[in-house]
Amino acid sequence: MSHTAAPADVSHYYQRLAELSTLPFWQREEFTEPAGPERGHVWHWHDVYPELARSRHFAADAASLQRRALILCNPGLTAPAVGATPTIAAAYQMLFPGESAPVHAHSISAVRFGLAGSGARMIIDGDRVPMEPGDLILTPGWSWHGHVHPGGDEPVVWMDGLDAPFVLGLRAGFMRDDPYQDEPLPARDTTGTTAGTAALLPASTRHAQHSPIRRYPWDQAYPALRRLMARSPGRNTLTSLEYRNPLTGGPALATLGCLLQGLPAGAPTRPRRETASSVIVVARGTGTLLCGGQALPLLPNDVAAIPAWTWHQLTASEGGLVLLRLTDRPIHDAFGLYQAEEEA
């Protein structure tokens, strides 16, 4: 007489595995391509700017807030994730005349892109650098930096782009307050457009991975982009001008690539996707971003997130389209992970 063994109670088995903080390989989610909850999204300047300005009614000065800024949170990401993409954070930041923000340093690297207003100064390692609309300002990791708006008739607003989600995800986020905040060290007025004293550092200091240039002015970058666009081979070409590190020829920051891009009037780009995620800022003109099946209008000073490995296409309206693009591609390149596809 044969006896059939009773089926094992698998629920106890899997419960025991959970108690041991293990997961059976055969139960893990399969993947064939990159995927995540983040999605393409546009933060419209005409919506966010008024709320940023209203912050003055709730806090008299930027110093009391540390930064008068509104972080742009991708609606597909949930807490504790805070970012426009899983690796790039973005924010609109404002200084009213007479305001300043305290000097500090952190391991996170950042860029500032001027959007509106004149007269503010970015303080970076003792250099006091002007920022005008369209200027790109670098504050590499561990640089001592702050902001001041000595005076004028209007607030100054810029877009912040940071590698904060990436750095914090690596548990490599550190921050330090200025040890001289009670008696600030003197700052030097400079245009910030050359390496200057940033190229003369103690021998033990290693900053070559970040560009020593503080400021890439709009009045140099935009004409250079227009000259490049004039030589473009076709109307559907998104012409790109990269902000480079003059010491290495590589990206401006080790973790963030910065590009100024132009698209002629009425021209759509070819649909494309890549493993790198991006944040784009509308510097000039208007257009449409088709991203993940959504048609998102782009207006001046709007900020948009383009998730990794998501099909997207840009179309310029009548006046053409000029964008600043921040991308985490340098991270992908460093580890040989970058891939891209483009429809014919």
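If you're wondering where the values come from, they're calculated on a predicted model, not measured in any experiment.

Colleague: Before we go on, may I ask you to explain the overall build of the protein chain in this structure?
Modeller: Helix and strand counts for the protein chain come out as 6 helices and 21 strands. Expressed along its principal axes, the backbone C-alpha trace of the protein chain runs to roughly 100 × 55 × 45 Å. Taken across its 344 residues, the protein chain has 45% of its residues classed as buried. Put simply, of all contacts in the protein chain between residues at least 6 apart along the chain, 74% involve residues at least 24 apart. Within the structure as shown, the protein chain displays about 17900 Å² of accessible surface, and the carbon and sulfur contribution to it stands at 56%. Looking at charge distribution, the protein chain has the averaged site of its 27 positive side-chain charges lying 5 Å from that of its 33 negative ones.

Colleague: Just to check I follow, could you spell out the nonpolar core for this structure?
Modeller: One broad rule of soluble globular proteins: the nonpolar side chains tend to lie buried together. Within the largest apolar cluster, 37 residues are counted, with the highest numbers of intra-cluster contacts made by Y92, F113, L136, M159, Y243, V303 and L324. Once you skip the residues sitting within four places of it in the chain, L136 turns out to touch V111, R112, F113, R214, R215, Y216, Y243, C258 and L324. Ranked by size, the runner-up nonpolar core spans 15 residues in total, among them L263, L298, A304 and A316.

Colleague: Please clarify how a nonpolar patch on the surface should be interpreted in this entry.
Modeller: On the surface, Y13, F25 and W26 cluster together into a nonpolar patch covering about 420 Å² of accessible area. By relative accessible area, W26 is classed as exposed at 58%.

Colleague: Would you explain the pairing of strand 8 (residues 136-139) in this entry?
Modeller: Remark: a regular strand shows side chains that alternate across the two faces of the sheet. Burial along strand 8 is two-sided: the face carrying L136 and L138 and the face carrying I137 and T139 are both buried. Judged from the 4 bridges that link them, strand 5 (residues 110-116) and strand 8 form a sheet pairing that is antiparallel. Following the sheet pairing, V111 is matched in strand 8 by L138. Sheet topology note: the strand 8/strand 13 (residues 215-216) ladder contains 2 bridges and is antiparallel. Considered in strand 13, the bridge of I137 is made with R215.

Colleague: Explanation requested: unusual backbone geometry in the structure shown.
Modeller: Trans is the prevailing form of peptide bonds, just as negative phi is the prevailing case for residues other than glycine. With a phi angle near 70 degrees, W142 is a residue other than glycine that sits in the positive phi range. Inspection of the secondary structure puts W142 in the loop between strand 8 and strand 9 (145-148). The phi torsion at R171 lies on the positive side, around 55 degrees, for a residue other than glycine. Examined against the element boundaries, R171 turns out to sit in the loop between helix 4 (164-169) and strand 11 (175-177).

Colleague: Is there a simple way to explain the sheet that holds strand 6 (residues 121-124) in this structure?
Modeller: The strands that make up a sheet pair up through hydrogen bonds in the backbone, lying either parallel or antiparallel. Read across the sheet, 6 strands follow the order 11-4-9-6-7-12 without closing on themselves; strand pairing throughout is mixed. In this open sheet, the two edge strands, each paired with only one partner strand, are strand 11 and strand 12 (188-189). As judged from the 4 bridges shared by strand 6 and strand 7 (residues 127-130), these two strands associate in the antiparallel manner. Along strand 7, the bridge assignment pairs I123 with R128.

Colleague: Mind showing me how you'd approach the layout of surface pockets here?
Modeller: Empty pockets left among the atoms are what a rolling probe the size of a water molecule brings to light. Approximately 650 Å³ is the volume attributed to the largest pocket. For the largest pocket, the lining is made up of 28 residues, of which I71, A89, I108, L162 and A164 are closest to its centre. Of all the secondary structure elements, the ones that give two or more residues to the lining of the largest pocket are strand 2 (69-71), strand 3 (89-95), strand 4 (100-106), strand 10 (156-162) and helix 4. Per element, the largest residue contribution to the lining of the largest pocket is 4 residues, and it comes from strand 3. Classifying every residue of the lining of the largest pocket gives 17 nonpolar, 8 polar and 3 charged.

Reading the values: rules and limits
Residues numbered from 1 in each chain as written. Predicted model: local features only at pLDDT ≥ 70, side-chain atom pairs only at ≥ 80, totals over all residues. Heavy atoms only, no water. Helix = DSSP H or I, 4+ residues; strand = E, 2+ residues; numbered from the N terminus. Buried < 20%, exposed > 50% of the residue type's maximum accessible area, 1.4 Å probe, protein only. Contact = heavy atoms within 4.5 Å. Areas by Shrake-Rupley, 256 points an atom, 1.4 Å probe, with all protein chains shown as cover. Lys, Arg positive; Asp, Glu negative; His and termini not counted. Charge placed at Lys NZ, Arg CZ, Asp CG, Glu CD. Core = buried A, V, L, I, M, F, W, Y, C linked by side-chain atoms within 4.5 Å. Patch = residues over 30% accessible without salt bridge, like charges linked within 9 Å, V, L, I, M, F, W, Y side chains within 5 Å. Salt bridge = Lys/Arg side-chain N within 4 Å of Asp/Glu carboxyl O. Pairing = 2+ DSSP bridges. 1 Å grid on protein atoms, 1.4 Å probe; cavity = no way out; pocket = protein on both sides within 12 Å on 5 of 7 lines; lining within 4 Å. Points joined across faces, edges and corners; volume = space filled by probe spheres on them. Nonpolar A, V, L, I, M, F, W, Y, C, P; charged D, E, K, R; others polar.

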